[in-house]
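In case you want the letters, here they are:
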Amino acid sequence: MSLFLPKLKCKKDIDEVIKSVAEKVVVLRFGRDEDSVCLQLDEILSKTAHDLSNMASIYIVDVDKAPIYTRYFDISYIPSTVFFFNGQHMKVDYGSPDHTKFVGSFKTKQDFIDLIEVIYRGAMRGKMIVQSPIDPQNIPKYDLLYHGI
């Protein structure tokens, strides 16, 4: 399904998108094309891309081709989805210790749509962190690798 979504192949491409997309949420899905959970997420992203085109631009990033961003966002599990608005990293409180990214796949298309709407509305009001509208039962749970250190 990621065939229908634009792919960013290097750091320069990612930087350009983050800097140049204005008044829209930039969605960066970090993962691998052959991973089954990434493919599941890509299906949701591609099915919602048109409906959200006024609020969001969605891109696919291969973790192996963008090691700088993979390390910067501490992407240890894939897929991981990161959000930006007007060049600023948007954080989301999912009820977990990590607000920098969404790890895993969304359970439904509506969960993703609701999240983008909340991020967009919050960003338009100048907020840098928003509360997730997703039901906590629909958010995948992962233990942080550095927890308890």
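Residues numbered from 1 in each chain as written. Predicted model: local features only at pLDDT ≥ 70, side-chain atom pairs only at ≥ 80, totals over all residues. Heavy atoms only, no water.

- Per an unreviewed UniProt entry, the protein goes by the name Thioredoxin-like protein and belongs to Parambassis ranga.

### With respect to the overall build of the protein
Then, in step 1: Helix and strand counts for the protein come out as four helices and seven strands.
Then, in step 2: The helix and strand sequence of the protein, counted from the amino end, reads β-α-β-α-β-α-β-β-β-α-β.
Then, in step 3: Oriented by its inertia axes, the alpha-carbon framework of the protein measures out at about 40 × 35 × 25 Å.
Then, in step 4: Residues counted as buried form 44% of the 149 residues belonging to the protein.
Then, in step 5: Put simply, 75% of the contacts in the protein that link residues at least 6 apart link residues at least 24 apart.
Then, in step 6: Carbon and sulfur atoms provide 52% of the accessible area of the protein, an area that totals close to 8,000 Å².
Then, in step 7: For the protein, the distance from the average position of its 19 positive side-chain charges to the average position of its 20 negative side-chain charges is 4 Å. (Helix = DSSP H or I, 4+ residues; strand = E, 2+ residues; numbered from the N terminus. Buried < 20%, exposed > 50% of the residue type's maximum accessible area, 1.4 Å probe, protein only. Contact = heavy atoms within 4.5 Å. Areas by Shrake-Rupley, 256 points an atom, 1.4 Å probe, with all protein chains shown as cover. Lys, Arg positive; Asp, Glu negative; His and termini not counted. Charge placed at Lys NZ, Arg CZ, Asp CG, Glu CD.)

### A word on the pairing of strand β5 (residues 88–93)
Then, in step 1: Two strands pair when backbone bridges link them, and strand β4 (residues 80–85) and β5 are joined in this way by three bridges, in the antiparallel orientation. Bridged to Phe84 within β5 is His89.
Then, in step 2: Linking two consecutive strands that pair antiparallel, namely β4 and β5, is a turn of two residues; a positive phi of about 50° is found at Asn86 within it.
Then, in step 3: One ladder, built from three bridges, connects β5 with strand β7 (residues 129–131); its direction is parallel. Counterpart to Val92 in the pairing with β7 is Val130. (Pairing = 2+ DSSP bridges.)

### Things to note about the packing of aromatic side chains
Then, in step 1: Counted by the stated rule, this structure contains eight aromatic pairs.
Then, in step 2: Consider the rings of Phe85 and Tyr120, whose centres lie 6.1 Å apart with planes at 80°: the pair is edge-to-face. In this pair, Phe85 is assigned in strand β4 and Tyr120 in helix α4 (residues 109–124), connecting sequence segments 35 residues apart.
Then, in step 3: When its relative accessible area of 6% is taken as the criterion, Phe85 is described as buried.
Then, in step 4: Taken together, the aromatic side chains of Phe30, Tyr69, Tyr72, Phe73 and Phe84 make up a single cluster linked through ring pairs. (Phe/Tyr/Trp six-rings, centres within 6.5 Å; stacked < 30°, edge-to-face > 60°.)

### Description of the pairing of strand β2 (residues 25–31)
Then, in step 1: Across the seven residues that make up β2, a large majority, seven, are buried.
Then, in step 2: The alternating pattern of β2 places Val25, Val27, Arg29 and Gly31 on one face and Val26, Leu28 and Phe30 on the opposite face, and all of these are buried.
Then, in step 3: In this structure, β2 lies alongside strand β3 (residues 56–62), joined through seven bridges in parallel fashion. Paired with Phe30 across the two strands is Val61, which belongs to β3.
Then, in step 4: Pairing analysis gives six bridges linking β2 to β4, with the strands arranged antiparallel. By the bridge assignment for β4, Val27 is matched with Phe83.

### A few points about unusual backbone geometry
Then, in step 1: Backbone torsion omega between Ile78 and Pro79 reads -5°, so that peptide bond is classified as cis.
Then, in step 2: Mapped onto the fold, Pro79 is located in the loop between α3 (67–72) and β4.
Then, in step 3: Even without a glycine there, the phi angle at Asp74 is positive, about 50°.
Then, in step 4: Tracing the backbone through its elements, the reader meets Asp74 in the loop between α3 and β4.
Then, in step 5: Judged by relative accessible area, Asp74 falls into the partly exposed class, the value being 40%.

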